[in-house]
Amino acid sequence: MARIPAICGGTPAFPAGPPPWPVDDPAVLAALQACYADGSWGKYLGPHCDRLRTALQRDLAIEHVRLCSSGSVAVELALRGLGVGAGDEVLLGGYDFPGNFRAITAVGAVPVLVDLDRTTCGIDPTLIAAACSPKTKAVIASHLHGGLVDMPRLFEAAKTHGLAVVEDACQASGAVVYGRPAGTWGDVGTFSFGGSKLLTAGRGGAVVTQRTDVAQRMKVYCEEGNDAFPLSELQAAVLLPQLEKLGERHGRRSKGARTLIEHLGGVDGFSCIARWPEQSELAFYKFGIRYNAPSMRAVERSVFRAAVRAEGIALDTGFRGFTKRGGARCRRSGDLAVSTEFSEQMLLLHHPVLLEPEEEIRRVAETIRDLAEGLRDGKYELAASLEATANDEERF
Ligand SMILES: *Cc1c(COP(=O)(O)O)cnc(C)c1O
């Protein structure tokens, strides 16, 4: 006898809700205590930011690392470092992190929307040529939802058209993209240490580059007076022990993702974004699942999401994307069909579950799959109150 879904009044499959983030980590506690003991928690300058910069330089094999206050600011600083400004255009995916659109307008430039490659969930390198005008100066390439942009081809297309590349690795700290650390293919790479990210200090970010001219322009912009967008000593201190564990956690999350894919498999309306290109290692910040309502007997994505969340699983909808933004704010290149599809279909499973034991991950996958099949086959009486639940945005 099948269980009654929580959304129909049954007991949630995971009554305690999703696993917490950040996770318990004695090394982080020790770092916090050490900061208290030596007073660095309350000082402008200390050893921790230097140590973090050095560790990132080493891990990424890159010359310049600028720590900053968020990933969003990192993307803006990257554009400023490249000298992008008023009258310039910057290419970005029609489906991307909302702050990236803002970063472009913040420097006075115009966003140009380019469609994604369906298989990578990243900007499509084959569409770069058609999107360029004489004003186009740069392209932002974001690794999203467990997908990786095809950076070798993107880089080549960008260079052919004289564009600088900003590689947004805010969701991909520690990933390897075709043999290189994520964030080091671009002229500039950006990272986030925000509260839900794989390396977290609640807030924070970094910009990395091999180009001295870019590093110098960012420095001049940030340090007229004091550093205007700083990362604090305390933030750097808690990031260091997490950086040491990142490789090991990636291994566990990757294994968890494979378990999830294996046990989700076989539902028509679903496809997972994750794909392992050659010489690459994925970082799972959000595990992307495309939800195709027509194959699901027209059960809306919001209903499916609400049903899964009611079970205590941290599933969210993806970005809104930019395809509905008016022509006065940006230029559009092509029909943006994939971006539109992604903005309508994307569901994101938050990463902490991927560190759970295999058995638990299997149960998450099976709960999601059973709900999908049950809803698709019209097995459940959905209450009239569903609308309210479907709009419950902030539970996790
Ligand atoms: C989170 C994120 C950012 C910005 O990070 P914040 O630190 O939250 O400002 C930028 N790009 C992408 C793709 C992200 O996921």
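Residues numbered from 1 in each chain as written. Predicted model: local features only at pLDDT ≥ 70, side-chain atom pairs only at ≥ 80, totals over all residues. Heavy atoms only, no water.

Engineer: A description of a nonpolar patch on the surface should follow, citing residues and the corresponding values.
Structural biologist: A cluster of nonpolar residues, Leu32, Tyr36, Trp41 and Leu234, forms a patch on the protein surface that exposes about 440 Å² of accessible area. Note on placement: tyrosine 36 falls in helix H1 (residues 26–38). (Patch = residues over 30% accessible without salt bridge, like charges linked within 9 Å, V, L, I, M, F, W, Y side chains within 5 Å. Areas by Shrake-Rupley, 256 points an atom, 1.4 Å probe, with all protein chains shown as cover. Salt bridge = Lys/Arg side-chain N within 4 Å of Asp/Glu carboxyl O. Helix = DSSP H or I, 4+ residues; strand = E, 2+ residues; numbered from the N terminus.)

Engineer: Which residues make up the nonpolar core, and what are the values?
Structural biologist: The biggest cluster of nonpolar side chains holds 84 residues, and the ones touching the most others in it are Leu52, Leu56, Phe193, Leu260, Phe270, Phe287 and Phe304. A per-element tally of this core places helix H8 (residues 233–264) first, with nine residues. Shared between two domains, this core takes at least three residues from each, and those domains are domain 1 (26–243) and domain 2 (247–395). Once residues lying within four places of it in the same chain are set aside, the contact partners of phenylalanine 270 are Leu264, Ile289, Arg290, Tyr291, Phe304, Ile368 and Ala372. Formed by 29 residues, the second largest nonpolar core is a distinct cluster that contains Val73, Val90, Leu92 and Val207. (Core = buried A, V, L, I, M, F, W, Y, C linked by side-chain atoms within 4.5 Å. Buried < 20%, exposed > 50% of the residue type's maximum accessible area, 1.4 Å probe, protein only. Domains from an automatic or database assignment. Contact = heavy atoms within 4.5 Å.)

Engineer: Report on the site of the ligand, specifying residues and quantitative values.
Structural biologist: Near the ligand the following residues occur: Ser70, Gly71, Ser72, Phe97, Leu144, Asp168, Cys170, Gln171, Ser192, Lys197 and Gly204. Separating a nitrogen atom of the ligand from a side-chain N or O atom of aspartate 168 is a distance of 2.7 Å. A distance of 3.0 Å is found between an oxygen atom of the ligand and a side-chain nitrogen or oxygen belonging to glutamine 171. Contact with the protein chains removes 88% of the 380 Å² of surface that the ligand exposes when unbound. (Near = heavy atom within 4 Å. Polar contact = N/O pair within 3.5 Å; in protein donor to acceptor, adjacent residues only side chain to side chain.)

Engineer: Please give an account of helix H6 (residues 151–160) that cites residues and values.
Structural biologist: Of all the residues in H6, the buried ones are Met151, Leu154, Ala157 and Ala158. Looking straight down H6, one finds its buried side chains confined to an arc of 130 degrees; they lie on one side. Among the exposed residues of H6, those oriented more than 90 degrees off its buried face are Glu156 and Thr160. In the core, the buried residues of H6 are packed alongside strand S5 (122–123), helix H5 (128–131), strand S6 (136–142), strand S7 (164–168) and strand S8 (176–177). Of the residues flanking the end of H6, it is glycine 162, one or two places downstream, whose phi is positive at about 70 degrees. (Arc of directions from axis to C-beta.)

Engineer: Residues and numbers for the packing of aromatic side chains, please.
Structural biologist: Taken as a whole, this structure holds 11 aromatic pairs when the rule is applied. In textbook terms, an aromatic cluster arises when at least three aromatic residues are bridged by ring pairs, as seen for Tyr95, Phe97, Phe319 and Phe342. The ring centre of tryptophan 276 lies 3.9 Å from the NZ or CZ of arginine 258, which sits over that ring. (Phe/Tyr/Trp six-rings, centres within 6.5 Å; stacked < 30°, edge-to-face > 60°. Lys NZ or Arg CZ within 6 Å of the ring centre and 35° of its normal.)

Engineer: Go over the pattern of salt bridges with me, naming the residues and quoting the values.
Structural biologist: Inspection of the entire model under this criterion finds 27 salt bridges. One salt bridge in this structure joins arginine 249 and aspartate 25, with 3.4 Å as the shortest N-O distance. Taken together, the residues span a long stretch of sequence, with arginine 249 in helix H8 and aspartate 25 in the segment before H1 at a distance of 224 residues. In this structure, the salt-bridge partner of arginine 363 is glutamate 360, at a minimum N-O distance of 3.6 Å. Residue arginine 363 and its partner glutamate 360 are both found in helix H11 (residues 358–376); the two are separated by three residues, about one turn of the helix. Linked through salt bridges whose partners overlap, the residues forming this network are Lys159, Asp187, Arg211, Asp213 and Arg217.

Engineer: Just give me the short version of the packing of H8 against H11, but keep the residues and values in it.
Structural biologist: Contact geometry for H8 and H11: axes closest at 8 Å, N-to-C directions at 35 degrees. Where H8 crosses over H11, the handedness of that crossing is right-handed. On the side of H8, the interface is formed by Lys255, Gly256, Thr259, Leu260, His263 and Leu264, while H11 contributes Glu358, Ile361, Arg362, Val364, Ala365, Glu366, Ile368 and Arg369. Residue composition of the contact of H8 with H11, grouped by class: six nonpolar, three polar and five charged. (Axes fitted to C-alpha atoms, helices over the stretch in contact; angles between N-to-C directions. Left-handed = near helix turned anticlockwise from the far one by under 90°. Nonpolar A, V, L, I, M, F, W, Y, C, P; charged D, E, K, R; others polar.)

Engineer: Outline the domain arrangement of the chain, supporting the account with residue identities and numerical values.
Structural biologist: Where interface size is quoted, it is often the accessible area lost as the parts come together. Examined at the domain level, the chain breaks down into domain 1 (26–243) and domain 2 (247–395). Here the C-alpha centroids of domain 1 and domain 2 sit 25 Å apart. With 42 residues of domain 1 in contact, the opposing surface of domain 2 contributes 41 residues. Its largest share of buried area at the contact with domain 2, domain 1 owes to Tyr95, Arg118 and His145, together 20% of the area lost on that side. The tally of links from domain 1 across to domain 2 stands at two salt bridges. Where arginine 331 meets glutamate 89, a salt bridge forms, and the shortest distance between an N and an O atom there is 2.9 Å. The tally of links between domain 1 and domain 2 comes to 20 residue pairs in polar contact (both at pLDDT 80 or more). At the level of elements, strand S2 (89–93), helix H4 (98–106), strand S3 (110–114), H5 and S8 are the ones that each hand at least two residues to the side of domain 1 that touches domain 2. The biggest single contributor to the side of domain 1 that touches domain 2 is S3, with five residues. Partitioned by chemical class, the residues of the side of domain 1 that touches domain 2 number 23 nonpolar, 14 polar and five charged. (Buried area = accessible area lost by both parts, 1.4 Å probe.)

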